2 protein chains.
Amino acid sequence: MQSILEYQDFYNLLTGRTPQAFNRVLNKNFRQNGVELTKEQWSILAVLWENDGCSQQYLADKSFRDRPSVTRLIDNMEKDGLVDRKPDVNDRRSNLIFLTKKGKQIQEKVMNLVNATVEESIKGISVENIVTVKEVFHKIYQNLEVK
Amino acid sequence: MQSILEYQDFYNLLTGRTPQAFNRVLNKNFRQNGVELTKEQWSILAVLWENDGCSQQYLADKSFRDRPSVTRLIDNMEKDGLVDRKPDVNDRRSNLIFLTKKGKQIQEKVMNLVNATVEESIKGISVENIVTVKEVFHKIYQNLEVK
DNA sequence: AAACAATTGTTGTTACAACAACAAAAGTAA
DNA sequence: TTACTTTTGTTGTTGTAACAACAATTGTTT
């Protein structure tokens, strides 16, 4: 890391074309298979499939979003019939979010598409190198969070 | 990569909390130092600092955005007095984008902030591991682009 | 030259991110 | 209990992404 260009390269590495390409291909795979989900909606569903009936705050923590973002995602997903909001009788500040029948039924199809996209993307990459990427990103995250 | 959870982990790795954290810290560093730029505007300026007076299509290619996104970024940056649009006399379909005095003057300050943020983020990570991340991302990009 | 195709930029629409400000409810301390 | 603080969710605003559709211009083919 010496020149200005290399710093810009590193920025592009982290936030640039590869994550965008992955998102684009995932979206395309969704659409081509009749799955009308945004990648953000998928990331919320993935949390619910593991823990149905959790709060919006929990969804925000698990999906690395802030509360306003989750509020609006749930708004749209409720309109699309994927989830229902139910008030928490034990804490009236809180809503509990439940999968609808539709939200449950699409799990297998969606996860197959996600798995296929991930497998396609990491073809020819060794497990050691994937582990290294995970470790580097974890370290970067820690470096930035300490602040 | 065996279970559903690990695939989701990989998705989060690529598009998740670490890139978001980097963007958040970079934005914070901009604001705390009186630089009123979005990270997207910065990525456009970085291209112009290397090649002032290029077309919007060129900016789109270099910053990995589509044409509509660049149109609106330039709209906003023109309002903010960072760049000027000038018609290309040799090709009347095309605009040439030029840095204003303001757009040139902030280069040093902005690049110092970007460099500091990158350095902070990669503290304690070996050059070999950073190279591995670059290679893995390049391979992923190729895997997805072939499609 | 004329017809067709490709390129460049714009506009419209929908969806999301980030941040600030806020209200309601719950928790805590006096 | 009352007053203060924290938590949870919502709304407002601005900025961007992705995609479709389009106009103007340029390039290509015949």
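Just above, that's the structure.
In this report, the structure presented in the accompanying data block is examined. Note that the coordinates shown come from a computational prediction; the quantities given were computed from them, not determined experimentally.

Once that is clear, we can look at the packing of helix α4 (residues 56-63) of chain B against helix α5 (residues 67-79) of chain B. Residue and element names in this part refer to chain B. Put simply, α4 and α5 touch, their axes get as near as 9 Å, and they point 110° apart. Relative to α5, α4 is oriented roughly perpendicular. Regarding α4 and α5, the two cross each other, and that crossing is right-handed. Between α4 and α5, the residues in contact are Gln56, Gln57, Leu59 and Ala60 and Arg67, Val70, Thr71 and Ile74, respectively.

Contacts between the two partners involve 52 residues from chain A, matched on the other side by 52 residues from chain B. Between chain A and chain B, the buried area comes to about 6000 Å², and carbon and sulfur atoms account for 70% of it. For the pair chain A and chain B, the number of links is zero salt bridges. At the junction of chain A with chain B, the criterion picks out six residue pairs in polar contact (both at pLDDT 80 or more). Sorting elements by how many residues they give to the side of chain A that touches chain B places helix α8 (residues 127-146) of chain A first, with 14 residues. The class makeup of the residues in the side of chain A that touches chain B is 27 nonpolar, 14 polar and 11 charged.

Our next topic: the relation of the copies chain A and chain B. Aligned on chain B, chain A shows an RMSD of 0.0 Å; the corresponding rotation is 180° and the shift along the axis is 0.0 Å. Expressed as a symmetry operation, the mapping of one chain copy onto the other fits a two-fold axis. It is A:Val133 whose C-alpha, among those of chain A, lies nearest the rotation axis, at 2.7 Å. Mapped onto chain B, 100% of the interface residues of chain A are again interface residues, and the two copies thus contact each other with one and the same surface.

Let us now look at the packing of helix α3 (residues 39-50) of chain A against helix α5 (residues 67-79) of chain A. Residue and element names in this part refer to chain A. α5 packs onto α3 with a crossing angle of 90° between their chain directions and a minimal axis gap of 10 Å. Taken together, the axes of α3 and α5 are roughly perpendicular relative to one another. Listed contacts from α5 to Glu40, Gln41, Ile44 and Leu45 of α3 are Leu73, Ile74, Asn76 and Met77. A per-class count over the contact of α3 with α5 returns five nonpolar, two polar and one charged.

On to the protein's contact with DNA strand D. With respect to spatial proximity, 26 residues lie near DNA strand D, and among them A:Gln57, A:Arg67, A:Arg72, B:Arg65 and B:Asn76 are the closest. Of all DNA strand D atoms lying within 4 Å of any protein atom, the proportion belonging to sugar or phosphate reaches 59%. Side-chain polar atom of A:Arg85 to a phosphate oxygen of DNA strand D: 3.3 Å apart, as the coordinates give it. Secondary structure elements with two or more residues in the surface near DNA strand D: α2 (17-32), α4 (56-63) and α5 of chain A together with α3 (39-50) and α5 of chain B. With five residues, α5(B) is the largest single contributor of residues to the surface near DNA strand D. Its residues assigned to classes, the surface near DNA strand D shows three nonpolar, 10 polar and 13 charged.

Turning our attention to the environment of A:Asn129. Turning to its location among the elements, A:Asn129 is positioned in helix α8. Residue A:Asn129 is classed as partly exposed on the basis of its relative accessible area of 28%. Beyond its immediate stretch of four places on either side in the chain, A:Asn129 contacts B:Thr132 and B:Val136.

Conventions adopted
- Residues numbered from 1 in each chain as written.
- Chains lettered and ligands numbered in written order.
- Predicted model: local features only at pLDDT ≥ 70, side-chain atom pairs only at ≥ 80, totals over all residues.
- Heavy atoms only, no water.
- Axes fitted to C-alpha atoms, helices over the stretch in contact; angles between N-to-C directions.
- Helix = DSSP H or I, 4+ residues; strand = E, 2+ residues; numbered from the N terminus.
- Parallel < 35°, antiparallel > 145°, perpendicular 65-115°, else oblique.
- Left-handed = near helix turned anticlockwise from the far one by under 90°.
- Contact = heavy atoms within 4.5 Å.
- Buried area = accessible area lost by both parts, 1.4 Å probe.
- Salt bridge = Lys/Arg side-chain N within 4 Å of Asp/Glu carboxyl O.
- Polar contact = N/O pair within 3.5 Å; in protein donor to acceptor, adjacent residues only side chain to side chain.
- Nonpolar A, V, L, I, M, F, W, Y, C, P; charged D, E, K, R; others polar.
- Least-squares fit on C-alpha atoms with pLDDT ≥ 70 in both.
- Near = heavy atom within 4 Å.
- Buried < 20%, exposed > 50% of the residue type's maximum accessible area, 1.4 Å probe, protein only.

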